[in-house]
Amino acid sequence: MANVTDLQTKYSKLAQEYSKLRAQNQVLKKAVVDEQASSASLKEQLKHRDQSLRKQEQEMDSLSFRNQQLAKRVELLQEELAASEAKGKKGKSKGESPTQHGLQTQNVFDEDLQKKIEENERLHIQFYEADEQHRRKEAELRARLEELERDAEQHQTVVDGLTTKYVETIERLQGDKARLEVKAQTLEREAKDCRMRTEECQQQVRRCQSELNRQVKQSSSVIQEKVPFNDTKFSDYNSLNVPSHNRRHQLKARDVAGQALSFIQDLVAALLNFHSYTEQRVHIYPLDSSLEPISPLNQKFSHHLLENAAYVRPLEDSFLQLYQSITEDTVTVLETVVKLKNFAESFSSYTHFLQKILPYQLKSLEEECEAPLCTAALAAKNRELQNDTKKVTSVFEKLQNYINLLALPSVRQDAIPHSSTSAVFTQLAACLHSLQDAVKEMSKHYNQKASIEQELPTVTQKLCTTTECLLGSLGSLTSSTGKIATFFSNNLDFFTSPGYSPRGSSVALNPLQAESMLDNKKKAVAYIHAIKKAQPQSVPYRDALSNRRILTSSTESREGLTQQVQQSLEKIARLEQEKEHWLLEAQLGKVRLEKENQRIADLEAQLAAALGGSSNSPPAAASTLAQSHEVAEAEPKATGKETTLCTSLVGMLCTTPTVEHVGDEESREQLIKTHYMTRVGELTTQLQISDSKAVHFHSECRALAKRLAIAEKSRETLSEEVKMANQNITRLQDELATTKRSYEDQLSMMSDHLCSMNETLSKQREEIDTLKLGSKGNTKKNKGR
């Protein structure tokens, strides 16, 4: 069984790992999809950036061409300016009008030149900024592309690792499944053997139960008829029906009282801490008493809380007295436990204390709600705590009523019917569980309130420390009430069971009967001591315990002995069958021997008769021999004519109606009949065993077929998941290849575009050179003119 549990734990761990890996695979799939989406968006951004880059390059080309044109224009203007200056120097003597005209044209040329220079500078600045922005964006896109390629490679490695891990996990799970199936088959066989053994044991238990029931009925009839002393006229004389002292009940009662005392001590400590920390909190929140005086209501509340020890401590003291009153030499029933009344009074005083402080608790929570920094959530938690406080106080009132009911029989007999005490104990257990639930709710709401108060800006370290201590006391109060409720529910059968009752009566035990019982116990102890002194010593108690241990250890090998007994019974059955077979063979041989002996005796008689007659008359002997031979020859003929066929259940038998063979035939037929009937019985038992085995094997085959179908389904699902994973891998590989190809195509297009731009630049330069040459020729012609 340990191996089965280990395999099951391993299988569960593998299943958990498989589920984790599946979750990780889903996360990776989602990450890959997100990366694909981001890569697509980046592709779109790259396309837009390429388009904007082309536009800027075109603008740059146009600006550079315009710049060159302007530069040529400036050169021409400078040349014309130089020529005009030279002409001006030459024609100074010609008058003022041409000079003024030259100055005006020079000013126009200067203004035009200044504008062109400024425009050229502005275009140079724009071109430089556009070029820098283009380079920066290109570097960012290249880094982003490299990062995406690295992420794709990492995702691919992760997917490959997960695929291999899934394959290994599937193989390992299949191996574990096969081993578990083999183990399950062996366990089923063992379970079948155990069922057979349990059936035998159940039969033995039924026999024992029937025997014990018979003995119990007989004993109860004897007790009811002869033992009890019932006086119908004077009921006081019925106290003579004193029950025997139950030492086991007393030990159990003391043990239960000791456990209850420890739980009561924990409860008292938790209540003291709760009331003390509540009193400290009243002085801190909502107003700090060290800074400003608190309200009169909270002062009274604090004064009452300081008196909590006077009401809580008596609970522990009174229950300690109750525990000390329960000993082995006393009688513990509700009618004799006088100290329970003291505990009930202490509990009632504590309940009155809770009722007294309840209004102050509610008013204090209302003051907290009226504080300026109190939020709506904090006010809601305060209202919930008010309801919890009311609920806890009402539950303590119910507990007080039930404890007072249980304490009444010790003061006044027949205060509660004996049949109603079990109902009181049941209701008390339910009330304890409701107390645990109420305290748990109050602790939960206090925790929520403390978490909300931590967020307030005016909270102090002193308030936080007091709140933490208050929450700790509530936690210990919750655990102690839960322990008390569980303890009471577990021992409810002991509380409701009648420990003592007079013989032949269901009436509860009264104190007079308890005193008589203790007197009888003392007399019995004295009598036993006297007998021990008078008689030789019996077996010591330790020896008896050791003997009992030996007996209990020997009973542990009962199963092995039952198996041996079963095997021995099977061997005995086989030997009995063989014995019957050989007895039948011996009977047949005995019959044959008798027949042979009879025939030999007949032959000897005939021979003796023949030999005796020959001494007197030989002819007569010869005649008699001849007659005997004739008779012997005639007998077979007659018998051959009178041979008959006998049919029976066994078969067909040819018989001759002679006197000596009639009994032999009947006995022989009877023996053969019994032999074949036993053989038929054996065959029927074998047939039944084979039928049961066939049914068992058929059920096992059906179960294995179902398991095989389930395994096939799981294999199909796993293969589909593997196929899906492979498809995702191939899809990711294809997407990666397409992205690579697209980037390569874009780079090739950019390189082609750059080549075309270089060609256009070279063409423009050639055109500019030709224009320069043409302008120079024109200037020379103008000079020549």
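Now for the overall build of the protein chain. Along its length, the protein chain carries 15 helices and 2 strands. Scored against the burial criterion, the 785 residues of the protein chain give a buried share of 26%. In the protein chain, of all internal contacts separated by at least 6 residues, the share reaching a separation of at least 24 is 84%. On the protein chain, roughly 52,700 Å² of surface is accessible, and the fraction owed to carbon and sulfur atoms is 56%.

Here we take up the pattern of salt bridges. Scanning all chains against the criterion turns up 18 salt bridges. The partner of Arg281 in a salt bridge is Glu453, with the nearest N and O atoms 2.5 Å apart. With Arg281 in helix 3 (residues 247-282) and Glu453 in helix 8 (residues 421-454), this residue pair connects regions lying 172 residues apart in the sequence. Taking relative accessible area as the criterion, Glu453 reaches 3% and is therefore assigned buried. The salt bridge partner of Arg679 is Glu682, with a shortest N-O separation of 3.1 Å. Highlighted residues: Arg679 and Glu682, both in helix 15 (residues 659-784), separated by 3 residues, approximately one helical turn. Residue classification places Arg679 among the partly exposed positions, given a relative accessible area of 41%. Judged by relative accessible area, Glu682 falls into the buried class, the value being 16%.

Another point: the side chain of Thr278. Here Thr278 shows up in helix 3. According to the relative accessible area criterion, Thr278 is buried, its value standing at 7%. Among the polar contacts listed, one links the side chain of Thr278 to the backbone oxygen of Phe274, at a separation of 2.5 Å. Every residue in contact with Thr278, bar those within four places of it in the chain, is listed here: Phe301, Leu305 and Leu470.

Looking now at the packing of aromatic side chains. Counted by the stated rule, this structure contains 12 aromatic pairs. Between the aromatic rings of Phe319 and Phe343, the centroid separation amounts to 5.2 Å while the plane-to-plane angle is 70 degrees, which identifies the pairing as edge-to-face. One end of the pair, Phe319, is in helix 5 (residues 308-325); the other, Phe343, is in helix 6 (residues 339-369), with 24 residues separating them in the sequence. With a centroid separation of 5.5 Å and 10 degrees between ring planes, the pair formed by Phe425 and Phe495 is classed as stacked. One end of the pair, Phe425, is in helix 8; the other, Phe495, is in helix 10 (residues 492-496), with 70 residues separating them in the sequence. The exposure class of Phe425 is buried, given its relative accessible area of 8%. Counting every residue linked through ring pairs, the aromatic cluster contains Tyr311, Phe319, Phe343, Phe347, Tyr350, Phe353 and Phe396.

Right, let's get into the packing of helix 4 (residues 296-306) against helix 6. Where helix 4 meets helix 6, the closest approach of the two axes is 10 Å, and the angle between their N-to-C directions is 145 degrees. Viewed along their axes, helix 4 and helix 6 form a crossing whose handedness is left-handed. Every residue of helix 6 that contacts helix 4 at Leu297, Asn298, Lys300, Phe301, His304 and Leu305 is listed here: Phe353, Lys356, Ile357, Tyr360, Gln361, Lys363, Ser364 and Glu367. Of the residues assigned to the contact of helix 4 with helix 6, the class counts are 6 nonpolar, 4 polar and 4 charged.

Time to look at the nonpolar core. By size, the foremost hydrophobic cluster in this structure holds 64 residues, and its most contacted members are Leu340, Phe343, Tyr350 and Leu399. Within the residue set of this core, elements represented by two or more residues are helix 3, helix 4, helix 5, helix 6, helix 7 (376-407), helix 8, helix 9 (461-490) and helix 10. Of the residues forming this core, the biggest block, 14 residues, is contributed by helix 3. In terms of nonpolar packing, the next biggest core, distinct from the first, is built from 9 residues, Cys374, Leu378, Leu456 and Leu463 among them.

Here we come to the packing of helix 3 against helix 6. Running from N to C, helix 3 and helix 6 cross one another at 30 degrees; their axes reach a closest spacing of 13 Å. Between helix 3 and helix 6, the crossing angle belongs to the class labelled roughly parallel. In this structure, the crossing between helix 3 and helix 6 has a hand that is left-handed. For the pair helix 3 and helix 6, the contacting residues are Ile264, Leu271, His275 and Arg281 in the first and Phe343, Tyr350, Phe353, Leu354, Ile357 and Glu368 in the second. Residue composition of the contact of helix 3 with helix 6, by class: 7 nonpolar, 1 polar and 2 charged.

Turning our attention to the side chain of Asp388. Inspection of the secondary structure puts Asp388 in helix 7. Within the buried core, Asp388 has no salt-bridge partner, and the shortest N-O distance to an opposite charge, that of Lys391, equals 6.4 Å. The contact partners of Asp388, leaving out residues within four places of it in the chain, are Glu441, Met442 and His445.

Let us now look at the confidence of the model for the protein chain. It should be kept in mind that the predicted coordinates are not to be read in detail where pLDDT is low. Here the protein chain averages 76 in pLDDT, and 78% of its residues register 70 or above. Confidence drops under pLDDT 50 across residues 227-240; counting only partners more than four residues distant or on other chains, this segment forms 19 contacts. Counting interchain partners and residues more than four positions distant, the pLDDT-below-50 stretch residues 614-662 has 29 contacts.

Mapping Leu588 onto the fold places it in helix 13 (residues 558-614). When its relative accessible area of 17% is taken as the criterion, Leu588 is described as buried. Once the C-alpha coordinates of Leu588 and Ser667 are considered, the two residues, 79 residues apart in sequence, prove to be 8.9 Å apart. Aside from chain neighbours lying at most four places away, what touches Leu588 is Arg668 and Leu671.

Bringing a nonpolar patch on the surface into the picture now. Taken together, the side chains of Val565, Leu569 and Ile572 make up a nonpolar region of the molecular surface, amounting to roughly 280 Å² of accessible area. Take Val565: it is sitting in helix 13.

A few words now on the environment of Lys356. Turning to its location among the elements, Lys356 is positioned in helix 6. Residue Lys356 is classed as partly exposed on the basis of its relative accessible area, which comes to 31%. For the pair Lys356 and His304, spaced 52 residues apart in sequence, the C-alpha to C-alpha distance is 8.4 Å.

Reading guide: rules and limits
Residues numbered from 1 in each chain as written. Predicted model: local features only at pLDDT ≥ 70, side-chain atom pairs only at ≥ 80, totals over all residues. Heavy atoms only, no water. Helix = DSSP H or I, 4+ residues; strand = E, 2+ residues; numbered from the N terminus. Buried < 20%, exposed > 50% of the residue type's maximum accessible area, 1.4 Å probe, protein only. Contact = heavy atoms within 4.5 Å. Areas by Shrake-Rupley, 256 points an atom, 1.4 Å probe, with all protein chains shown as cover. Salt bridge = Lys/Arg side-chain N within 4 Å of Asp/Glu carboxyl O. Polar contact = N/O pair within 3.5 Å; in protein donor to acceptor, adjacent residues only side chain to side chain. Phe/Tyr/Trp six-rings, centres within 6.5 Å; stacked < 30°, edge-to-face > 60°. Axes fitted to C-alpha atoms, helices over the stretch in contact; angles between N-to-C directions. Left-handed = near helix turned anticlockwise from the far one by under 90°. Nonpolar A, V, L, I, M, F, W, Y, C, P; charged D, E, K, R; others polar. Core = buried A, V, L, I, M, F, W, Y, C linked by side-chain atoms within 4.5 Å. Parallel < 35°, antiparallel > 145°, perpendicular 65-115°, else oblique. Lys, Arg positive; Asp, Glu negative; His and termini not counted. pLDDT = per-residue confidence, 0-100. Patch = residues over 30% accessible without salt bridge, like charges linked within 9 Å, V, L, I, M, F, W, Y side chains within 5 Å.

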